[in-house]
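Coordinate analysis (summary)
As a plain string of letters, each chain reads:
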Amino acid sequence: VLGTQFGIVESTRSTQIIMMEGVVSFSSNSLPDKAVRLEMNQTSTVVGENAPSDPSIVEISSALAWSDLILFRAAPLETVAHVLADKFQIAIRVEESIRELTFTNTFRPEQGIHEILNTVALATGVDIVPVPETSGFALQPKQ
């Protein structure tokens with residue numbers, strides 16, 4: 001389904017689905033008529049042959065920490081810069097006037113810092129400027 005993002009955590013005894021975006025219905029193989037519908041920021045677990053648990057609210061970043069995904073949900077640009085700087089071990093400065101602009105997206109680390117920063121810039125309407133002295137970047141208002 002286009003526009004739907006979710007994580008699955010499986011073990012030999014259970015399957016957990018964690019919804020990031022969109023909507024999905026799922027059930028156990030043995031009880032297909034006992035499906036649950038999950039929406040954004042919800043989770044449910046099937047244990048063994050049982051029906052799925054009722055949906056519950058989940059904090060996406062914590063629940064999917066194992067996935068190595070870089071998750072932003074209405075995150076201020078200052079937070080985005082901090083997370084990316086830590087992840088890629090580079091300096092990223094954000095001008096004060098745009099620090100509170102928010103950004104939502106999910107990235108894989110292998111996309112690389114340049115592709116990620118370009119996406120941030122396009123989505124928020126800011127410029128990404130290389131800072132040669134630090135081998136890093138600055139986020140600033142569009143010129």
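Just above sits the structure.
Because the structure is a prediction, the values reported are computed rather than measured. (Residues numbered from 1 in each chain as written. Predicted model: local features only at pLDDT ≥ 70, side-chain atom pairs only at ≥ 80, totals over all residues. Heavy atoms only, no water.)

Topic: the packing of aromatic side chains
Heads up, the rule is: Centres within 6.5 Å make a pair out of two Phe, Tyr or Trp rings, where for Trp the six-membered ring is used; the pair is then stacked when the planes are under 30 degrees apart, edge-to-face when over 60, and tilted otherwise. Here a helix means four or more residues in a row that DSSP labels H or I, a strand means two or more in a row labelled E, and each is numbered from the N terminus. Burial classification: accessible surface area is computed with a 1.4 Å probe over protein chains only, and a residue below 20% of its type maximum counts as buried, one above 50% as exposed, and the rest as partly exposed.
With the rule as written, the count across this model stands at 3 aromatic pairs. Measuring from centroid to centroid gives 6.4 Å for Phe-72 and Phe-107, while their planes differ by 65 degrees, and the two rings are edge-to-face. Taken as a pair, Phe-72 in strand 7 (residues 70–76) and Phe-107 in strand 9 (residues 102–107) lie far apart in primary sequence, 35 residues in all. Using a relative accessible area of 2% as the deciding quantity, one classes Phe-107 as buried.

Remarks on the sheet that holds strand 11 (residues 136–141)
Short version of the rule: When DSSP finds two or more bridges between two strands, those strands count as paired. For helices, the axis comes from a line fit to the C-alpha atoms of the stretch in contact; other axes are also lines fit to C-alpha atoms, and the angle between any two N-to-C directions lies between 0 and 180 degrees. Working rule for contacts: check all heavy atoms of both residues, and any pair within 4.5 Å makes them a contact.
Read across the open sheet, the 3 strands follow the order 8-11-10; overall the sheet is mixed. Taken across any chain shown, the strands that pair with only one partner, and hence form the sheet edges, are strand 8 (92–94) and strand 10 (126–131). The average angle at which neighbouring strand axes cross in this sheet is 25 degrees, direction not considered. As defined by bridge partners, strand 10 adjoins strand 11 across 6 bridges and the pair is classed as antiparallel. Following the sheet pairing, Val-131 is matched in strand 11 by Gly-136. Across the sheet, helix 2 (residues 77–88) lies against strand 8, strand 10 and strand 11, angled at about 175 degrees from strand 8, the strand it touches most.

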